[in-house]
Amino acid sequence: MRELPIDSLPEGDVTVAVSHSSLNYKDGLVLNGLGDLVKTYPHVPGIDYAGTVLHSTHADFAKGDQVIGTGFRVGEIRWGGYAQQVSVSGDWLVGLPAGLTPQRAMGLGSAGFTAGIALRSLEAHGLTPQRGEVLVTGAAGGVGSMAVALLAARGYAVVASTGRSQHADYLMDLGASAILPRDQLDKPSGKPLESGRWAACIDSVGGAVLARVLGQVQPGGAVAAIGLAGGATLETSVIPFLLRGISLLGIDSVFYPNRERRAVWQQLTDTIPHATIDAITSEAAMDELLQLGGEILRGNIRGRIVVDVNR
Ligand code: NDP
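Residues numbered from 1 in each chain as written. Predicted model: local features only at pLDDT ≥ 70, side-chain atom pairs only at ≥ 80, totals over all residues. Heavy atoms only, no water.

**Quick notes on the overall build of the chain**
Thinking step 1. Looking only at helices and strands, one finds nine helices and 13 strands in the chain.
Thinking step 2. For 311 residues, the compact-globule estimate of 2.2 N^0.38 gives 19 Å, and the chain sits close to it at 19 Å.
Thinking step 3. In terms of its C-alpha atoms, the chain occupies a principal-axis envelope of roughly 60 × 35 × 35 Å.
Thinking step 4. The burial tally for the chain puts 53% of its 311 residues in the buried class.
Thinking step 5. By element, 51% of the accessible surface of the chain is carried by carbon and sulfur atoms, the whole surface being about 13200 Å².
Thinking step 6. Each charge class in the chain was averaged separately, 24 positive and 29 negative side chains, and the resulting centres sit 6 Å apart. (Helix = DSSP H or I, 4+ residues; strand = E, 2+ residues; numbered from the N terminus. Rg over C-alpha atoms; globule rule 2.2 N^0.38 Å. Buried < 20%, exposed > 50% of the residue type's maximum accessible area, 1.4 Å probe, protein only. Areas by Shrake-Rupley, 256 points an atom, 1.4 Å probe, with all protein chains shown as cover. Lys, Arg positive; Asp, Glu negative; His and termini not counted. Charge placed at Lys NZ, Arg CZ, Asp CG, Glu CD.)

**Looking at the layout of surface pockets**
To locate leftover empty space, one rolls a probe as large as a water molecule over the atoms.
Thinking step 1. Computed from the structure, the largest pocket encloses a volume of approximately 1100 Å³.
Thinking step 2. For the largest pocket, the lining is made up of 50 residues, of which Tyr25, Val143, Ser204, Gly227 and Ala229 are closest to its centre.
Thinking step 3. Broken down by secondary-structure element, the contributors of at least two residues to the lining of the largest pocket are helix 1 (25–31), helix 2 (102–124), helix 3 (142–153), strand 7 (158–162), helix 5 (207–214) and helix 9 (289–297).
Thinking step 4. Across the lining of the largest pocket, the residue classes break down as 21 nonpolar, 20 polar and nine charged.
Thinking step 5. Reported here for the second largest pocket is a volume of approximately 730 Å³. (1 Å grid on protein atoms, 1.4 Å probe; cavity = no way out; pocket = protein on both sides within 12 Å on 5 of 7 lines; lining within 4 Å. Points joined across faces, edges and corners; volume = space filled by probe spheres on them. Nonpolar A, V, L, I, M, F, W, Y, C, P; charged D, E, K, R; others polar.)

**Regarding helix 5**
Every α-helical turn comprises 3.6 residues, leaving residues that sit three or four positions apart pointing alike.
Thinking step 1. Helix 5 sits mainly inside the fold: seven of its eight residues count as buried.
Thinking step 2. Within helix 5 the residues assigned to the buried category are Gly207, Val209, Leu210, Ala211, Arg212, Val213 and Leu214.

**Considering the environment of Arg311**
Thinking step 1. Tracing the backbone shows Arg311 in the segment after strand 13 (304–308).
Thinking step 2. Remark: the alpha-carbon pair of Arg311 and Gln216, spanning 95 residues in sequence, is separated by 46 Å.
Thinking step 3. With residues near it in sequence (within four places) discarded, Arg311 still touches Glu283, Ala284, Ala285, Met286 and Glu288. (Contact = heavy atoms within 4.5 Å.)

**A word on the site of the ligand**
Thinking step 1. Lining the immediate environment of the ligand, one finds 24 residues, of which Thr162, Gly163, Arg164, Ile251 and Ser253 sit closest.
Thinking step 2. Here an oxygen atom of the ligand sits 3.3 Å away from a polar atom, N or O, in the main chain of Gly141.
Thinking step 3. Arg164 is positioned such that a nitrogen or oxygen atom in its side chain is 2.6 Å from an oxygen atom of the ligand.
Thinking step 4. For the ligand, the accessible surface in isolation is 920 Å², of which the surrounding protein chains cover 87%. (Near = heavy atom within 4 Å. Polar contact = N/O pair within 3.5 Å; in protein donor to acceptor, adjacent residues only side chain to side chain.)

**Details of unusual backbone geometry**
Thinking step 1. Cis peptide bonds are those with omega within 30 degrees of zero, and the linkage from Tyr41 to Pro42 qualifies with 5°.
Thinking step 2. Within the fold, Pro42 resides in the loop between helix 1 and strand 2 (48–56).
Thinking step 3. Of note, Asp36 is a non-glycine position whose phi angle comes to about 55°, a positive value.
Thinking step 4. By the element assignment, Asp36 lies in the loop between helix 1 and strand 2.
Thinking step 5. Positive phi outside glycine occurs at Arg73, with the angle close to 65°.

**A closer look at empty space enclosed by the protein**
Thinking step 1. Counted by the stated rule, this structure contains one cavity of 30 Å³ or more.
Thinking step 2. In this model, the largest cavity occupies a volume close to 50 Å³.
Thinking step 3. Lining the largest cavity are Leu122, His125, Gly126, Leu127, Arg131, Ala199, Ala200, Gly220, Gly221 and Ala222.
Thinking step 4. Those elements that place two or more of their residues in the lining of the largest cavity are strand 9 (198–203) and strand 10 (217–225).
Thinking step 5. Here the lining of the largest cavity gets three residues from one element, more than from any other, and that element is strand 10.
Thinking step 6. Of the residues belonging to the lining of the largest cavity, the class tally is five nonpolar, four polar and one charged.

**Things to note about the nonpolar core**
Side chains that are nonpolar tend, in soluble globular proteins, to be buried together.
Thinking step 1. One finds Val148 and Leu171 to be the most contacted residues of the largest nonpolar core, which totals 50 residues.
Thinking step 2. In terms of residue count, helix 2 provides more of this core than any other element does, 10 residues in total.
Thinking step 3. Counting 25 residues, the second-largest nonpolar core is a separate cluster that includes Val53, Val86, Leu93 and Val309. (Core = buried A, V, L, I, M, F, W, Y, C linked by side-chain atoms within 4.5 Å.)

**Quick word on the packing of helix 2 against helix 3**
Thinking step 1. At their nearest, the axes of helix 2 and helix 3 sit 8 Å apart, and the two run at 55° to each other. By the angle between their axes, helix 2 is oblique relative to helix 3. In terms of crossing hand, the pair formed by helix 2 and helix 3 is right-handed. Along the contact surface, helix 2 presents Gly107, Leu108, Ala111, Gly112, Ala115, Gly116 and Leu119, while helix 3 presents Gly142, Val143, Met146, Ala147, Leu150 and Leu151.
Thinking step 2. Class assignment for the residues of the contact of helix 2 with helix 3 results in nine nonpolar, four polar and no charged. (Axes fitted to C-alpha atoms, helices over the stretch in contact; angles between N-to-C directions. Parallel < 35°, antiparallel > 145°, perpendicular 65-115°, else oblique. Left-handed = near helix turned anticlockwise from the far one by under 90°.)

Below you can see the structure in the form of structure tokens.
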């Protein structure tokens with residue numbers, strides 16, 4: 001880790017004085033040189049950032065505005081938020097919703113934003129609380145914790161699947177109504193269809209867990225596929241699609257259209273109580289990131305880590 005001169009920042013029409021960033025699974029990959037995400041070095045990781053506009057020639061932002069940035073490959077092929085300043089396109093930013101601090105915005109971060117997109121996608125597909133239980137996999141992780149909190153706050157009955165039983169009380173406090181141990185999902189059942197329990201699922205695990213869940217979805221239900229913490233390969237059967245008419249909805253937060261981002265952030269702000277964001281979040285300093293970046297890939301981080309970039 002080293003200091004870079006300010007004039008080495010890339011071209012962008014908005015420069016943001018970053019106060020907080022966060023740690024996501026993808027940051028763990030970048031911090032460990034994995035996933036072929038970074039093409040040139042030196043590199044500044046950090047896919048999320050929040051702070052105050054220092055300079056802007058973009059029509060939507062002026063000096064002093066508070067903003068949030070996630071996605072658009074910032075922190076991967078572009079320099080990101082583990083720095084005191086970022087220089088980006090204003091097209092990638094949203095204004096900080098009223099009532100949200102930069103710190104809490106980074107508590108939500110890409111994880112909360114992606115859980116928000118997943119729920120919007122499921123609700124556009126017809127999901128309502130009356131349809132029945134919603135499963136969240138990888139529940140004690142960042143996306144999972146945010147999905148549990150968001151669903152519960154919107155009145156859904158949420159079943160949280162986790163491989164870490166020590167976090168059961170934490171997940172119940174976020175609003176889960178039941179805990180399902182991961183080892184009941186991560187092996188094939190040997191059957192293409194099981195009892196159709198779930199109205200929907202928000203899945204950040206992928207792999208064997210996603211394959212198993214597809215056979216447990218109610219007729220007409222849907223699964224929002226977010227992640228691959230448990231594996232990128234999906235070995236499954238078309239039977240649940242043919243006999244139950246279920247849907248697999250792909251979720252991409254990175255290139256989610258800017259014009260719809262504001263609505264997602266507003267919904268998160270209006271729905272998840274501040275106390276819940278705080279309960280999910282812990283704070284880290286910059287010099288802890290290399291160690292924490294390994295821990296998140298090993299599935300050892302509970303909830304979300306907010307990074308104070310000035311610490
Ligand atoms: P976290 O590490 O915080 O959460 C992942 C969780 O998955 C872990 O906490 C753990 O939950 C579970 N898990 C970890 N390893 C395994 C394993 N080997 N088998 C089964 N379950 C496992 O990561 P994030 O929440 O930041 O990201 C989750 C996933 O979502 C990642 O793959 C990430 O790349 C992806 N993602 C995708 C986005 C998109 O736009 N599509 C945006 C953001 C994230 P538990 O201990 O509770 O079982």
